[in-house]
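Understanding the architecture of this molecule
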Amino acid sequence: MTPPDSAAALKPANTEHRYEITRGDLPLCCPMPDMALWNSHPRVYLAIEDEGGESTCPYCGARYVLLG
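Residues numbered from 1 in each chain as written. Predicted model: local features only at pLDDT ≥ 70, side-chain atom pairs only at ≥ 80, totals over all residues. Heavy atoms only, no water.

Another point: the environment of methionine 35. Within the secondary structure, methionine 35 sits in the loop between strand E2 (28-30) and strand E3 (44-46). Given the relative accessible area of 2%, methionine 35 is considered buried. Separated by 23 residues in sequence, methionine 35 and proline 12 have C-alpha atoms that sit 5.5 Å apart. Sequence-distant contacts of methionine 35, defined by excluding residues within four places in its chain, comprise Leu10, Lys11, Pro12, Ala13, Asn14, Tyr19 and Tyr64. (Helix = DSSP H or I, 4+ residues; strand = E, 2+ residues; numbered from the N terminus. Buried < 20%, exposed > 50% of the residue type's maximum accessible area, 1.4 Å probe, protein only. Contact = heavy atoms within 4.5 Å.)

Okay, here's the thing in structure tokens:
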């Protein structure tokens, strides 16, 4: 079965250990909206601003770093 075109444009979730994000990506959630959800964990919101600009997902361990 071929995924719909919109799903094909999504990047795989949980494939990197470190993600750099900007304020335009806030509010931050893992997996992010441009990631495929079918093979990932439930979406969780991360309080990166309250955590000094770095946050780690409790499900997959991905580390997010806020640039700027």
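Following the structure, the description resumes.
So, on to the pattern of salt bridges. Inspection of every chain in the model, using the stated rule, returns three salt bridges. Notably, a salt bridge pairs glutamate 49 with arginine 23, separated by 2.7 Å at the nearest N-O pair. Here glutamate 49, found in the loop between E3 and strand E4 (54-56), pairs with arginine 23, found in the loop between strand E1 (18-21) and E2; they are 26 residues apart in sequence, far enough to count as distant. (Salt bridge = Lys/Arg side-chain N within 4 Å of Asp/Glu carboxyl O.)

Throughout the structure, instances matching the rule amount to zero disulfides. Cysteine cysteine 57 remains unbridged, with the sulfur of cysteine 30 as its closest cysteine sulfur at 3.6 Å. With no disulfide of its own, cysteine 60 lies 3.7 Å from the sulfur of cysteine 30, the closest cysteine sulfur. (Disulfide = S-S within 2.5 Å.)

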